[in-house]
Protein chains: 2
Amino acid sequence: MMRLSAVGEFGLIRRLTRSLRTDRDVVRGVGDDAAVLRVSRRCWWLLSTDMLVEGVHFRRRQATPYQIGWKAMACGVSDIAAMGGRPRFAAVSVGLPARLTVAEAEGIYRGLTAVARRFGVNLVGGDTVRAARLTIDVAIIGETKPGAAVLRSGARVGDRIFVTGRLGGSYPSRKHLTFTPRLREAQYLMRHARPSAMMDISDGLASDLWRIAEASRVSLVVDEEQIPVSRAAGSVWHALMDGEDFELLFTLRPAVARRLCRTRPSWVRMTEIGTVVGRGAAVRLRRGDGRMRVLRPEGYRHF
Amino acid sequence: MMRLSAVGEFGLIRRLTRSLRTDRDVVRGVGDDAAVLRVSRRCWWLLSTDMLVEGVHFRRRQATPYQIGWKAMACGVSDIAAMGGRPRFAAVSVGLPARLTVAEAEGIYRGLTAVARRFGVNLVGGDTVRAARLTIDVAIIGETKPGAAVLRSGARVGDRIFVTGRLGGSYPSRKHLTFTPRLREAQYLMRHARPSAMMDISDGLASDLWRIAEASRVSLVVDEEQIPVSRAAGSVWHALMDGEDFELLFTLRPAVARRLCRTRPSWVRMTEIGTVVGRGAAVRLRRGDGRMRVLRPEGYRHF
């Protein structure tokens, strides 16, 4: 009897999804921040779900109900942003312990709706059930023009690698509960640069660099000294490994990168951290002394 | 401090959703089996989520992993069927306890995909996280022609009230784990009869009759002796109260009802159980001796 802990999250997802069959209206199914669905010739939709569980993604004593609701919806908006889409509709399933107060349940909804309103998401329903542990699952639908969704698989040799914001320390700083999804930045990038690949950093930079590398089948070199380390992270190790940054990780063609670095407005905070150097999935870190080492995907493990 | 148990599920949902604001692309938000979304002039989409929690909706010892997966996806298909739609895409969030075996996780996915394949649903992704209790949330998208979605609010005075199948005893008979969502029946009704109102019976016939009555602001009279009682229910009381039947409850204009009762094929099992008699939300039961009594919505309570 093999337990889940033996195969890990990615191994499990691979096992579970390898037999899925989909029709031609599914442009992209499992394996990106959101699925890409063909609605009509003029319109593609994005679909993503994010489940937050008490004791795993937050602790009731360390997060207010408002923050829990905020985080749940913000994760969904972040997924749609990372595909280059515009979030439109969300349905929320909530599992509520009977010991919760009505005020706490209302606090969760205030957090959910605050993000929804700010980013133009219509909250249109969902499910409310009893549960032993507080559980929130946000299903979010976004919109994109046909062909415009940015996948993890589009990075090409020569592309420059970027991140928004500063990384690491999301738990001690509570950023993981209060973060602003980078929708505005993503939409700026879509209008002015069209990233070749993009995702949001949820499991940690190291782990998520590997996802780009594997989806695009390319080899990445990241400059350790270029990684923007948040004050709460303290060290580049934490910036690589902590996770739940919800910043954007993206790649740009070199000419586009050069132009954007000159012309971007100051509110688009982005840092070039490396280059796509070749074919075949690999991620290496160039240390300050010039030495290279393979970067292992040791970010957050779900099991 | 008011606990959730004091306000009940419906009271809670009313409180939580009263401040929601949505734009004109939301044809119907909270309050039906699925939300109705305007995608384009030619296409409306339906969005629904259903969360199942171990210990609340199923017990691990009494349900196989396959049945748990089956039930989760079948609930979603049932919601879309009850709106008169065609299910198209689903994303599934799963909270998995670390003690689960890989074989059990695979069993859940086999159940999910069995329903998906049978009813033409593309399973396109979702989220996989750790959880103390097994939790599955299915977000499902369905398709309908503009104006064709059947709401709970369309019942009119004079309409006849129908249900499919036989009701009650869904827990002892394990029907709640193995049921066939009534998509085929719903699609037959859409082609040949166009119900004025429709929903699936999840919280119990009594409770769900009240939902139609309240949404349509009409008064229903149900003939106790006409209610199709399943063998496992044993009594009409259980058929009214048990819940999780996942049969269709719908209303038809009287002329349509007469025609359909003559012409329907034998596989469309439907029973006329009553009539919409007037305005103002009410549900009454006509007993065998002709006496009437108010039917209280005493079906399944989530809190």
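Per chain, residue numbering runs from 1 following the sequence as it is written. Here chains are named by letter from A upward and ligands by number from 1 upward, in the order in which they appear as written. At least 70 in pLDDT is required for a residue's local features to be given in this predicted model, at least 80 for side-chain atom pairs to be given and counted, and no such filter applies to totals for whole chains, interfaces and linings, which use all residues.

A closer look at the interface of chain A and chain B
Here is step 1 of the chain: Every contact between the two is made by 63 residues of chain A and, on the other side, 63 residues of chain B.
Here is step 2 of the chain: Segments assigned H or I by DSSP are reported as helices when at least four residues long, segments assigned E as strands when at least two residues long, and all are numbered from the N terminus. Those elements giving two or more residues to the side of chain A that touches chain B turn out to be helix H1 (4-17), strand S2 (35-40), strand S3 (43-53), strand S4 (86-96), helix H3 (102-118), strand S5 (122-130) and strand S6 (135-144) of chain A.
Here is step 3 of the chain: Tallying contributions element by element places S5(A) first for the side of chain A that touches chain B, with nine residues.
Here is step 4 of the chain: Looking at the side of chain A that touches chain B, its residues break down into 34 nonpolar, 18 polar and 11 charged. The contact criterion used here is simple: two residues whose C-beta atoms, placed from the backbone, lie within 7 Å are in contact. By the convention adopted, Pro, Cys, Tyr, Trp, Phe, Met, Ile, Leu, Val and Ala count as nonpolar, Lys, Arg, Asp and Glu as charged, and the other residues, Gly among them, as polar.

Quick notes on the environment of Ser202(B)
All names here are of chain B.
Here is step 1 of the chain: Within the secondary structure, serine 202 is located in the loop between strand S8 (197-200) and helix H6 (205-216).
Here is step 2 of the chain: By C-beta crowding, serine 202 is classed as buried, having 24 other C-beta atoms within 10 Å.
Here is step 3 of the chain: Ignoring sequence-local partners within four residues, the contact set of serine 202 consists of Gly243, Glu244 and Phe246. For every residue, the other C-beta atoms within 10 Å of its own C-beta are counted; 20 or more classify it as buried, 12 or fewer as exposed, and values in between as partly exposed. C-beta atoms are placed from the backbone.

As for the packing of helix H2 (residues 65-82) of chain B against helix H3 (residues 102-118) of chain B
Residues and elements named next belong to chain B.
Here is step 1 of the chain: Orientation of H2 relative to H3, taken along the N-to-C sense of each, is 35°, at an axis distance of 6 Å. Of the two elements, H2 crosses H3, and the hand of that crossing is right-handed. Taking contact as the criterion, the partners of Pro65, Tyr66, Gln67, Ile68, Gly69, Trp70, Ala72, Met73, Ala74 and Val77 in H2 are, on H3, Glu104, Gly107, Ile108, Tyr109, Arg110, Gly111, Leu112, Ala114, Val115 and Ala116.
Here is step 2 of the chain: Among the residues forming the contact of H2 with H3, the class breakdown is 14 nonpolar, four polar and two charged. Between the N-to-C directions of two axes lies an angle of 0 to 180 degrees, each axis being a line fitted to C-alpha atoms and, for a helix, fitted only over the stretch in contact. With the far helix as reference, a near helix turned anticlockwise by less than a right angle produces a left-handed crossing, and one turned clockwise produces a right-handed crossing.

Topic: the relation of the copies chain A and chain B
Superposition of the two copies of the chain requires a rotation about an axis and a shift along the axis.
Here is step 1 of the chain: Each copy superposes on the other: chain A lies on chain B with an RMSD of 0.0 Å after a rotation of 180° and an axial shift of 0.0 Å. Read as a symmetry element, the transformation amounts to a two-fold axis. Minimal C-alpha separation from the rotation axis in chain A is found for Ala139(A), amounting to 3.2 Å.
Here is step 2 of the chain: Interface residue correspondence from chain A to chain B reaches 100%, placing this contact among same-surface, isologous pairings. In this comparison the copies share one frame, found by least squares on the C-alpha atoms of residues holding pLDDT of at least 70 in both.

Structural notes on the sheet that holds S3(A)
Residues and elements named next belong to chain A.
Here is step 1 of the chain: Only when DSSP finds a minimum of two bridges between them are two strands counted as paired. Read across the sheet, six strands follow the order S1-S2-S3-S6-S4-S5 without closing on themselves; strand pairing throughout is mixed. A single partner strand is all that each edge strand has here, and the edge strands are strand S1 (26-28) and S5. Averaged over all pairs of adjacent strands, the angle between strand axes in this sheet comes to 25°, irrespective of strand direction.
Here is step 2 of the chain: In the sheet, S2 pairs with S3 via five bridges, with the strands oriented antiparallel. Note that in S3 the partner of leucine 37 across the bridge is tryptophan 45.

Just distances and angles here, no functional claims.
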